[in-house]
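Report on the structure
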Amino acid sequence: MTPTASSPTADRTTHRTTARTSDGTAARTTDRLRTLVGGIRAAVDRGLPPEATAWLVADALRPHLTAPDLLTPAQCEGDPDRYRQHVLHAEPDGMFSLVALVWLPGQQTSIHDHVSWCVTGIHRGEEHERRYRLVPDRPGGPGARLEAAGDLVSPAGTVTAFAPPGDIHRVCNGGTDTAISLHVYGADITRLGSSVRRVYRLPADR
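Below is a summary of the structure that appears in this document. Keep in mind it's a predicted model, so treat the numbers as computed, not measured. (Residues numbered from 1 in each chain as written. Predicted model: local features only at pLDDT ≥ 70, side-chain atom pairs only at ≥ 80, totals over all residues. Heavy atoms only, no water.)

**Things to note about the overall build of the protein**
Keep this limit in mind: Counting from the N terminus, the helices are DSSP H or I runs at least four residues long and the strands are E runs at least two residues long. Any residue under 20% of the maximum accessible area for its type is buried, any over 50% is exposed, and the rest in between are partly exposed; the area is computed with a 1.4 Å probe on protein chains only. Contacts were defined at the residue level, with two residues in contact if any of their heavy atoms lie within 4.5 Å. Residue-level accessible areas treat just the shown protein chains as cover; the underlying method is Shrake-Rupley with a 1.4 Å probe.
From N to C terminus, the protein includes 3 helices and 11 strands. Counting from the amino terminus, helix and strand elements in the protein follow one another as β-α-α-β-β-β-β-β-β-β-β-β-α-β. Burial analysis of the protein (206 residues in total) assigns 51% to the buried set. Taking the intrachain contacts of the protein between residues at least 6 apart in sequence as the baseline, contacts between residues at least 24 apart amount to 79%. Per element, the accessible surface of the protein, about 9500 Å² overall, is 52% carbon and sulfur.

**Some remarks on the packing of helix H1 (residues 31–44) against helix H2 (residues 50–61)**
The condition is simple: An axis is simply a line fitted to the C-alpha atoms; with a helix, the fit covers only the stretch in contact. Between two such axes, the angle follows the N-to-C directions and lies from 0 to 180 degrees. The cut-offs work like this: below 35 degrees is roughly parallel, past 145 is roughly antiparallel, 65 to 115 is roughly perpendicular, and the gaps in between are oblique. By the definition used in this description, the sense in which the near helix is turned from the far one sets the handedness, with an anticlockwise turn below a right angle giving left-handed and a clockwise turn giving right-handed.
As a packed pair, H1 and H2 sit with axes 9 Å apart at the nearest point and diverge in direction by 160°. Here H2 runs roughly antiparallel to H1, going by the angle between their axes. In this structure, the crossing between H1 and H2 has a hand that is right-handed. On the side of H1, the interface is formed by Leu36, Gly39, Ile40, Ala43 and Val44, while H2 contributes Thr53, Leu56, Val57, Ala60 and Leu61.

**Re the side chain of Thr120**
Worth spelling out the cut-off: Throughout this description, a polar contact denotes any pair of N or O atoms lying within 3.5 Å of each other; where both atoms belong to protein, one of them has to be capable of donating a hydrogen while the other can accept it, and for residues adjacent in sequence the pair is counted only when both atoms sit in side chains.
Within the fold, Thr120 resides in strand S5 (residues 118–124). Judged by its relative accessible area of 9%, Thr120 is buried. A distance of 3.3 Å separates polar atoms of two side chains, one belonging to Thr120 and the other to His183. Filtering out sequence-adjacent residues up to four positions away, Thr120 remains in contact with Leu61, Glu127, Thr158, Val159, Thr160, Ser181, Leu182 and His183.

**Looking at unusual backbone geometry**
Note that the residue after Pro164, namely Pro165, is joined by a cis bond; omega there is 0°. Tracing the sequence through the fold places Pro165 in the loop between strand S8 (159–162) and strand S9 (169–172).

**Re the environment of Val99**
With respect to the helices, strands and loops of the structure, Val99 is situated in strand S3 (residues 97–103). Between the C-alpha atom of Val99 and that of Val184, which follows or precedes it by 85 residues, the distance is 6.6 Å. Apart from the residues lying within four places of it in its own chain, the contact partners of Val99 are Gln85, His86, Val87, Leu88, Ser181, Leu182, His183, Tyr185 and Ile189.

**Thoughts on H1**
Note the threshold: Each residue after the first adds 1.5 Å to the expected span of a helix. Summarising the geometry, the arc corresponds to the directions from the helix axis toward the C-beta atoms.
The first and last C-alpha atoms of H1 sit 20 Å apart over 14 residues, in line with the 20 Å expected at 1.5 Å per residue. For H1, the set of buried residues is Leu33, Leu36, Val37, Ile40, Ala43 and Val44. For H1, the buried positions fall inside an angular range of 120° around the axis, keeping them on one side. Relative to its buried face, H1 has exposed residues pointing more than 90 degrees away, namely Asp31 and Thr35.

The analysis is restricted to geometry; functional conclusions fall outside its scope.
Written out as structure tokens, the structure is:
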């Protein structure tokens, strides 16, 4: 299944994106989601450096995770073929966007990094993440490769934040139940078409 023509993809190879309205929000929303967007906006509007902004956004996101009134039923729907992205909000000035990713068991991303700072909060289930460091090519060496830098299992309620560089990772649902995560990016992915800066196809630790 390919992404819908009117919607962007955050990982062009592994999921489809739901439709959105002209201002970048999902067709329906909740009061709690509107409150969350206001909190993210207040954090971003402080104009701090990317890493500091990401941590402020993490603080805004954390109290809303696992709340049953955060997302509509439609925003929790998955896809049997690949993980699914629901665009929840894109700020008109392009300063941030908010999406929900729905993962059925076994679904995963490619190895990738991002165009901007990113905050991830686990709303339901758990996510498994492997982080990588890029080992560059050297004269006479075996060529560039990706070396595992750590594994992280994040249950519901967990929030992580980071800013490039050093954000190369692969994310998957390694559990047996559906997982839902909220992702805030410091860019308008509806304009860029993706949150991904680069997909890595180098040899990598598994």
